[in-house]
Amino acid sequence: MKFDPRTKLIMVFSLSTLAVFVIDIYLLLVVLLISIVVSNYFKENWDFLKRTKKFITLLIGIVLIQSIFSPAGEILLSINNFTILTTGGLAKGIRVILRMLIIIISATIMTGSSPREIIQALIQWKVPYEIAFMVSLSIRFIPILGEEAKDAFTAIQLRGVEIDKLNLTKRIKIYSYMFMPVLSGVIHRAKELSTSLEARAFRAYPDRSSYIKLELARKDYLIMFVSTLFTISILGIYIIMG
Amino acid sequence: MKKAYRDNEAFIEIKDLTFSYKKSPVILNNVSISFYKSEITAIIGPNGSGKTTLGKLMSGILSSEQGSVFLEGTNIKGITLGNIGKKVGYLFQQPERQLFNPTVKEEIGFAHLFMGEPKDKVDKKVSKIIEELSLQGLENSSPYKISRGERQRVALAAILINEPSFLILDEPTTGLDMIKKDKLSEILKNLQQQNIGMVIISHDKSFIKSNADRTLEVSGGEINEV
Ligand SMILES: Nc1ncnc2c1ncn2[C@@H]1O[C@H](COP(=O)(O)OP(=O)(O)OP(=O)(O)O)[C@@H](O)[C@H]1O
Ligand SMILES: [Mg+2]
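Residues numbered from 1 in each chain as written. Chains lettered and ligands numbered in written order. Predicted model: local features only at pLDDT ≥ 70, side-chain atom pairs only at ≥ 80, totals over all residues. Heavy atoms only, no water.

**Q** Looking at this structure, I do not really get the coordination of the magnesium ion (ligand 2). What am I missing?
**A** Where a metal carries four tetrahedral donors, each ideal angle is 109.5 degrees; where it carries six octahedral donors, the ideal angles are 90 or 180 degrees. Residue and element names in this part refer to chain B. The protein atoms that coordinate the magnesium ion (ligand 2) are Thr 52 (OG1) and Gln 93 (OE1), at distances spanning 1.8 to 2.3 Å. A residue pair is termed long-range when its members are at least 10 positions apart, and Thr 52 in helix α1 (residues 51–58) and Gln 93 in the loop between β6 (88–91) and α3 (104–114) qualify at 41 residues. Judged by relative accessible area, which is 22%, Thr 52 ranks as partly exposed. Residue classification places Gln 93 among the partly exposed positions, given a relative accessible area of 27%. (Donors = N, O, S within 2.8 Å, 3.2 Å for Na, K, Ca; no water. Helix = DSSP H or I, 4+ residues; strand = E, 2+ residues; numbered from the N terminus. Buried < 20%, exposed > 50% of the residue type's maximum accessible area, 1.4 Å probe, protein only.)

In structure tokens:
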């Protein structure tokens, strides 16, 4: 079944709103489960799991940092009087992770729509064409940026920089060097793009006509209604209960 | 074309290699080929045939599940990129992807300084290479604000400071005028005399003719001697 990109946008918006406002860990887990099911339904593959696997060390790091700097509750683990893990800190860390996962996974719902559809969705929501176009451009450039960053990262290692042998400060410094080629690539591309937009008379007329017209079906309305209602009621309960 | 003497051992050996990018058709299909340090090998082939891909596989930038690549007899998967870089210099088709510093001079010495080599030693090496590649006068310019040909030479200089024994150059003649091309030929000849092996990926027939000892064509997933 094909859904309108606007329906998907509403779902992403609902899920990420919940991710930000919900505090209860079990409820966050439920939201995460819903995101996984929905995203899986729209994409029909589990690629994102492979991608999140790379973040595991980062996630564990976040838990530890949260736990070390905001200890609360009972002590679970400490070395020489230095508290590393507390129940409160652990809960905080898990919350951050769940939130990140929900936002990342729910965003993958959009990947099923083409950039052109997303522009059209935004336009029909009265977002100015210029802005919608820029949004879609940036979506399209993400994979290219990724490839450039990957090339820069390999290139810097091929220069003889052995990343594994570096200490943390130097490692961070290396990442800052990597921005140079990526940034220069972005600026270069932006310049070329603006020239070519000028050359094709972008914005020459105030109104644009469009071949594609999105129409919301009954199922779209239904899903939009359900996700909005769900989000609002949970937020409502939270506000009433304090 | 002159027939070069081959020492019996391949410097880079590709064995039964099959490669495809995610969700794309097979680009190299079960290829086996050896590259020798004693010769300059040219790789030609139509756009999109997989020349750059082959170069990246040879230098460990890309790797494949099917088949293997050996660098001096060692499987390249077991060598870190940092160590590969000490033996194999790789010039990207887009040299700006391998430039990280605000000035040419810093760019060339950067990795060595970063890994903790003393500054005066690095400076000496840098000035020597600047002279070798005729980059005098550009020392303090930004690598992003010089001409493409100059940028390519800066990237090459930054590779050569590692004293690699093998070079993989991806389209090094793109955008060079006749004089710059001759200059590049001269540099490459000079490097060959220092016993540095080379693979040149190029469309430039005349450049290949005057520089390469051996030509391979990549097309339809296969590699053939021409
Ligand atoms: N990162 C990538 N992901 C997916 N496909 C890719 C990627 N890089 C290259 N390809 C595809 O692989 C094929 C071979 O690309 P490659 O860059 O090796 O060709 P090439 O022979 O170097 O071409 P050119 O002469 O234009 O430099 C092309 O069809 C290209 O579209
Ligand atoms: Mg190429």
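**Q** I tried to follow the pattern of salt bridges on my own but got confused; where do I start?
**A** One pass over the structure, following the stated rule, counts 19 salt bridges over all chains. For Arg 6 of chain A, the salt bridge goes to Asp 4 of chain A, with nearest N and O atoms at 3.0 Å. Asp 4 of chain A carries the same exposure label as Arg 6 of chain A, and that label is buried. Asp 177 of chain B is paired through a salt bridge with Lys 180 of chain B; the nearest N and O atoms lie 3.9 Å apart. Residue class for Asp 177 of chain B comes out partly exposed when judged on its relative accessible area of 38%. (Salt bridge = Lys/Arg side-chain N within 4 Å of Asp/Glu carboxyl O.)

**Q** Explain the packing of aromatic side chains to me, please; I cannot follow it from the model alone.
**A** Two measures describe an aromatic ring pair: the distance that separates the ring centres and the angle between the ring planes. Taken as a whole and judged by the stated rule, the model has 11 aromatic pairs over all chains. Seen in terms of ring centroids, Phe 153 of chain A and Tyr 175 of chain A are 5.9 Å apart; in terms of plane orientation they differ by 10 degrees. Their pairing is stacked. One end of the pair, Phe 153 of chain A, is in helix α7 (residues 129–158); the other, Tyr 175 of chain A, is in helix α8 (residues 168–199), with 22 residues separating them in the sequence. Taken together, a centroid distance of 6.0 Å and an interplanar angle of 85 degrees make the contact between Tyr 177 of chain A and Phe 114 of chain B edge-to-face. One end of the pair, Tyr 177 of chain A, is in helix α8; the other, Phe 114 of chain B, is in helix α3, on a second chain. Following the ring pairs from residue to residue traces out a cluster consisting of Tyr 177 of chain A together with Phe 100, Phe 110 and Phe 114 of chain B. (Phe/Tyr/Trp six-rings, centres within 6.5 Å; stacked < 30°, edge-to-face > 60°.)

**Q** What should I look at first to understand the domain arrangement of chain A in this one?
**A** Interfaces are frequently sized by the accessible area removed from exposure as the parts join. All names here are of chain A. Taken domain by domain, chain A holds domain 1 (1–113 + 214–242) and domain 2 (115–211). Facing the eight residues of domain 1 at the interface are eight residues of domain 2. For the domain 1 and domain 2 pair, buried surface summed over both sides reaches about 800 Å², with 69% attributable to carbon and sulfur atoms. Of all residues in domain 1, Arg 6, Ser 113 and Leu 214 give up the largest surface area on contact with domain 2, accounting jointly for 58% of the area buried on that side. Here domain 1 is connected to domain 2 by zero salt bridges. Run the count over domain 1 and domain 2 and you get one residue pair in polar contact (both at pLDDT 80 or more). (Domains from an automatic or database assignment. Contact = heavy atoms within 4.5 Å. Buried area = accessible area lost by both parts, 1.4 Å probe. Polar contact = N/O pair within 3.5 Å; in protein donor to acceptor, adjacent residues only side chain to side chain.)

**Q** Even after reading the chapter, I still don't get the layout of surface pockets, so can you show me in this structure?
**A** If a probe as big as a water molecule is rolled over the atoms, it shows which places are left empty. The calculated volume of the second largest pocket comes to roughly 480 Å³. What lines the second largest pocket is a set of 19 residues, and nearest its centre among them are Ser 184, Gly 185 and His 188 of chain A together with Glu 96 and Tyr 144 of chain B. When residues of the lining of the second largest pocket are traced back to their parent elements, those giving at least two are α7 and α8 of chain A together with α5 (148–160) of chain B. For the lining of the second largest pocket, the element with the most residues is α8 of chain A, which contributes nine residues. Grouping the constituent residues of the lining of the second largest pocket by class yields five nonpolar, five polar and nine charged. (1 Å grid on protein atoms, 1.4 Å probe; cavity = no way out; pocket = protein on both sides within 12 Å on 5 of 7 lines; lining within 4 Å. Points joined across faces, edges and corners; volume = space filled by probe spheres on them. Nonpolar A, V, L, I, M, F, W, Y, C, P; charged D, E, K, R; others polar.)

**Q** Got a minute to help me understand helix α5 (residues 87–107) of chain A in this structure?
**A** In an α-helix, one turn spans 3.6 residues, which is why side chains three or four residues apart end up on the same side. For α5 of chain A, which comprises 21 residues, the first-to-last C-alpha distance of 30 Å matches the rise-based estimate of 30 Å (1.5 Å per residue) to within 8%. Inspection of α5 of chain A places Gly 89, Ala 91, Gly 93, Ile 97, Leu 98, Leu 101, Ile 102, Ile 105 and Ser 106 of chain A among the buried residues, and these make up the whole buried set. (Expected span 1.5 Å × (residues − 1).)

**Q** Would you take a moment to explain the interface of chain B and chain A for this structure?
**A** Taken together, the 28 residues of chain B in the interface contact 23 residues of chain A. Of the roughly 2400 Å² buried between chain B and chain A on both sides combined, carbon and sulfur atoms contribute 64%. Of all residues in chain B, the largest losses of buried area upon contact with chain A belong to Arg 97, Phe 100 and Phe 114 of chain B, amounting jointly to 33% of the total for that side. Connecting chain B to chain A are six salt bridges. Here Arg 97 of chain B ties to Glu 147 of chain A by a salt bridge, and the two come within 3.8 Å at their closest N and O atoms. For the side of chain B that touches chain A, the elements supplying multiple residues, two or more each, are α2 (81–87) and α3 of chain B.

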